[in-house]
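Secondary and tertiary structure notes
Take a look at the letters that make up each chain.
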Amino acid sequence: MDTKAMFKFSSGLYVVSAKDGDDYGACIINTGLQLTSEPLQVQVVVNKQNHTEGVIERAGHFALCPITEEADMPYIGRFGFRTSTAFDKFGGIECAETILGDPYTPTCAACVIACKVVQTLDVGTHMIFVGEVKDAEVLSDATPLTYAYYHSTLKGKTPPKASSYVAE
């Protein structure tokens, strides 16, 4: 089987974040997707080993920000290659909160979408969260960053916790 066929799926890169009391998490995913328009719903898929997954479960809501091509590898590394338990991902950068209280940065974000979790599905290594959109705001007209751009231009690698990771 040629597992590289999975790299032909078109997707973007997103920062998903949530806050539960004093605890918060944020990570990069490539699995944000609009599901329906009425009601307006999106889904995110988060590895159960990520601290962010547990925060979303406990909080019952999340913020989703499509990343723009303005993002560089230090930005990707901030949200994608460090854990929220050991690194303040929002420290030292512009930060805001959604109407549901979830943190996000408008830096390198095309928009912010605030979602209330309405359904979950455990798919083994990952959890799918379906969120009903409670608020949305366009933050930039910059081109959204695709996973293909991340691989071809930024020369990024797929980390083992990503839903699209396939061992060589």
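Residues numbered from 1 in each chain as written. Predicted model: local features only at pLDDT ≥ 70, side-chain atom pairs only at ≥ 80, totals over all residues. Heavy atoms only, no water.

1. Topic: the packing of aromatic side chains
- Taken as a whole and assessed by the stated rule, the structure comprises three aromatic pairs.
- Looking at Arg 82, its charged tip hangs above the ring of Phe 87, at a distance of 4.0 Å from the centre. (Phe/Tyr/Trp six-rings, centres within 6.5 Å; stacked < 30°, edge-to-face > 60°. Lys NZ or Arg CZ within 6 Å of the ring centre and 35° of its normal.)

2. A word on the side chain of Gln 43
- Looking at the element boundaries, Gln 43 is found in strand β4 (residues 40-47).
- According to the relative accessible area criterion, Gln 43 is buried, its value standing at 17%. (Helix = DSSP H or I, 4+ residues; strand = E, 2+ residues; numbered from the N terminus. Buried < 20%, exposed > 50% of the residue type's maximum accessible area, 1.4 Å probe, protein only.)

3. Quick word on the pairing of strand β5 (residues 61-66)
- Counting buried residues along β5, six of its six residues qualify, which places the element largely inside the surrounding structure.
- Two strands pair when backbone bridges link them, and strand β1 (residues 14-20) and β5 are joined in this way by four bridges, in the antiparallel orientation. Pairing of Val 16 across the sheet is with Leu 64, part of β5. (Pairing = 2+ DSSP bridges.)

4. Looking at the pattern of salt bridges
- Taken as a whole and judged by the stated rule, the model has five salt bridges.
- Where Lys 19 meets Glu 97, a salt bridge forms, and the shortest distance between an N and an O atom there is 3.5 Å. One end of the pair, Lys 19, is in strand β1; the other, Glu 97, is in strand β6 (residues 96-97), with 78 residues separating them in the sequence.
- On the basis of relative accessible area, Lys 19 is assigned to the partly exposed category, the value being 31%.
- For Lys 134, the salt bridge identified is with Glu 132, shortest N-O distance 3.6 Å.
- Exposure remark for Glu 132: the relative accessible area of 26% places this residue in the partly exposed category.
- Counted as one network, the salt bridges with shared partners bring together Asp 20, Asp 23 and Arg 58. (Salt bridge = Lys/Arg side-chain N within 4 Å of Asp/Glu carboxyl O.)

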